[in-house]
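As a plain string of letters, each chain reads:
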Amino acid sequence: MDLFFKGFFAIQLFFLVFAFAGTTPWAFSIFQGCAFILSAMLLFRRGLILTKPFKAAAAAFLFLIVYTLIQACFTTTILDPVPNFPATLMRLYTLDHAALFLTWLALFVIGSNIAGDFKSNKVIIWIIIIPAVIITLLHIAVPGLYLKTLIDFNGGIGPFINRNHGGCFLAVSAILCETLSAVHFAGKNKYLAENKRNEFYAKQILFLFLFFFLAFAAVFTRSRGTMLALFTGAFVYSLFLAYFFLKNRAAKITAIIMVLILFFGGVFFALKEKGDINAFAHRTSSRSVDIRKDLYTSALKALKERPLFGTGIGAMPIMITNYTQPLREYIERLHSDPLEILLGAGIAGTLPPFLLTLLFFLLALKRLKYLPLKKQVFYSGLICALISFCISSAIDFPLFIPACACVVFILAGMLCGVSFYRENYSRISIKLWLKIIILAVFCLTFYYTLQKAIAWRYYYFANGFKYEGKVEYYQKALRYYPSPRYALRLGVEYYNKSLDKKLSPEEKSALKTKAHDLAQSYLIKYPREKELSRLYINTL
């Protein structure tokens, strides 16, 4: 059965990564369904494994889910007085995020259950590393061909549309390779005692080759955030290795000082050669930085108006244009996961999960000193992989890219598993009534996500039709998922058709009225939405 669970997870991760990192609703709905099935099977078969870090992290997830659902129960608009309770400016997107957080919780449960021993933990790491190697080989052999062939998109890294997210995935994988290399080195004496010197060096060379291969691949995504994340994660891991491998106190202090000197020397070099790094990253203009600065400043302005309970988790796209400079692009993410959650949840919704996450890391670090050397080296590597992800998350949005988030929450779950807490954990069997509740919640959440996937399918394929087909498909998309983006596209079709000179004045007026009424109905729910407001004005 253990082999089945690992095989199921491997297939799930491979599908997710190569289905455009799970960024399309149909791919995410399939992945979510598999995550719910696997987590339910593990829970019902093995029960709930309780360790101190698991309790802290699970409490953070549950708090976010409940808080998001409370926000979704109370809607407000940007024109209404700021409520003194959790509410959202957009219920639809807030419910999306509640479903997302439940999926992350399911992955965390999988990570804590799927690897029952140390050897199984290393198997899970290989399951993560192999897709990263395939992505790199694919990008080297036929750069851009994967996305160009499947969705006619130029750019990206393998199946990752955004190089920052592909880079984040590769950086985390590179640190995991470094971890396997260090763990193997920690077992050197066993190989030498068994007269397996050649086998030891062959495996060591393989691990180091994979580390440098993925590290260089991450750097050559030309993403500055990826470079920073990889650089920071690798150096923090070097500090751990110096502390664990060297037993002599003086040697330990000397090694740590040398690592710190190298780290700050690297920072000094990066700052000094900032122009060359920007040129290497193909960022010779300051546009990317300026957009981020504008988004962060605008988010802080909005947060200042609603500091305690926020705007509603996920509601950012519908209100951020009221605070930003005029932008051509539709802003779907804030490009800073912590800031986006703070904006959506406010201080009341962000502080408890933040403190619980901090407690999770502190408990994991505290546990390290009680482990044997190989486990110290292994689990500190997992912690550094999470640190690398956090660096990327601070300046981008990998938390909302399913392939990146999947890896991170599996790793976080492994830091709560039996192998990490072998002498200090409890296992609770799931009672029948709780199984029924869990299954019901999973089914309802999957049904909701499936509605969004069906709507997206109609929305996406509408582009292949003429006016009548587009209108029909946009209307169907709105019935399944009443997004203002879908309403806008339908309204624009009505308005553009009303400009057709072949139509009679009555037909033109009827189409304009349809576009006007549609824009008006959505502007009542989402006042000042830029594109809908423009459509409304055009139809007056």
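Residues numbered from 1 in each chain as written. Predicted model: local features only at pLDDT ≥ 70, side-chain atom pairs only at ≥ 80, totals over all residues. Heavy atoms only, no water.

A few words now on the layout of surface pockets. Taken as a whole, the second largest pocket holds about 1200 Å³ of empty space. Looking at the second largest pocket, it is lined by 38 residues, and the ones nearest its centre are Arg-224, Gly-225, Met-227, Leu-228 and Ile-277. Elements with a contribution of two residues or more to the lining of the second largest pocket: α7 (163-186), α10 (224-245), α11 (249-272), α12 (274-280), α13 (287-305) and α16 (373-395). At 11 residues, α10 tops the list of elements feeding residues into the lining of the second largest pocket. (1 Å grid on protein atoms, 1.4 Å probe; cavity = no way out; pocket = protein on both sides within 12 Å on 5 of 7 lines; lining within 4 Å. Points joined across faces, edges and corners; volume = space filled by probe spheres on them. Helix = DSSP H or I, 4+ residues; strand = E, 2+ residues; numbered from the N terminus.)

What follows covers a positive patch on the surface. Taken together, the side chains of Lys-52, Lys-55, Lys-366 and Lys-369 present a region of like positive charge at the surface. Turning to its location among the elements, Lys-366 is positioned in helix α15 (residues 337-368). (Patch = residues over 30% accessible without salt bridge, like charges linked within 9 Å, V, L, I, M, F, W, Y side chains within 5 Å. Areas by Shrake-Rupley, 256 points an atom, 1.4 Å probe, with all protein chains shown as cover. Salt bridge = Lys/Arg side-chain N within 4 Å of Asp/Glu carboxyl O. Lys, Arg positive; Asp, Glu negative; His and termini not counted. Charge placed at Lys NZ, Arg CZ, Asp CG, Glu CD.)

Here we come to the pattern of salt bridges. The tally for this structure, following the rule as stated, stands at 9 salt bridges. Note that Lys-203 is salt-bridged to Glu-199, the shortest N-O span being 3.2 Å. Here the residue Lys-203 and the residue Glu-199 both occupy positions in helix α9 (residues 197-219), the gap between them amounting to 4 residues, near one helical turn.

Quick look at the side chain of Ser-181 now. Residue placement: Ser-181 occurs in helix α7. Beyond its immediate stretch of four places on either side in the chain, Ser-181 contacts Gln-204, Phe-207 and Leu-208. (Contact = heavy atoms within 4.5 Å.)

Side chains of Leu-308, Ile-347, Leu-351, Phe-354, Leu-355, Leu-358, Leu-362 and Leu-365 sit close together on the surface and give an oily, nonpolar patch of about 740 Å² of accessible area. Residue placement: Ile-347 occurs in helix α15. Overall, the relative accessible area of 46% leaves Ile-347 in the partly exposed class. (Buried < 20%, exposed > 50% of the residue type's maximum accessible area, 1.4 Å probe, protein only.)

Attention shifts here to the packing of aromatic side chains. Under the definition given, this model contains 42 aromatic pairs. When the ring of Phe-54 is compared with that of Phe-108, the centres are 5.2 Å apart and the planes differ by 15 degrees; the resulting orientation is stacked. Of the two residues, Phe-54 sits in helix α3 (residues 52-73) while Phe-108 sits in helix α4 (residues 91-114), which places them 54 residues apart along the sequence. We classify Phe-108 as buried; its relative accessible area is 1%. With 4.5 Å between their ring centres and 50 degrees between their planes, Tyr-379 and Phe-420 make a pair best called tilted. Of the two residues, Tyr-379 is situated in helix α16 and Phe-420 in the loop between α17 (402-414) and β2 (426-428); the sequence distance between them amounts to 41 residues. An identical accessibility class is assigned to Tyr-379 and Phe-420; each is buried. Three or more aromatic residues link up through ring pairs in this structure, and these residues are Phe-28, Phe-31, Phe-54, Phe-61, Trp-104, Phe-108 and Phe-409. Over the aromatic face of Phe-280 sits the side chain of Arg-222, whose NZ or CZ is 4.5 Å from the ring centroid. (Phe/Tyr/Trp six-rings, centres within 6.5 Å; stacked < 30°, edge-to-face > 60°. Lys NZ or Arg CZ within 6 Å of the ring centre and 35° of its normal.)

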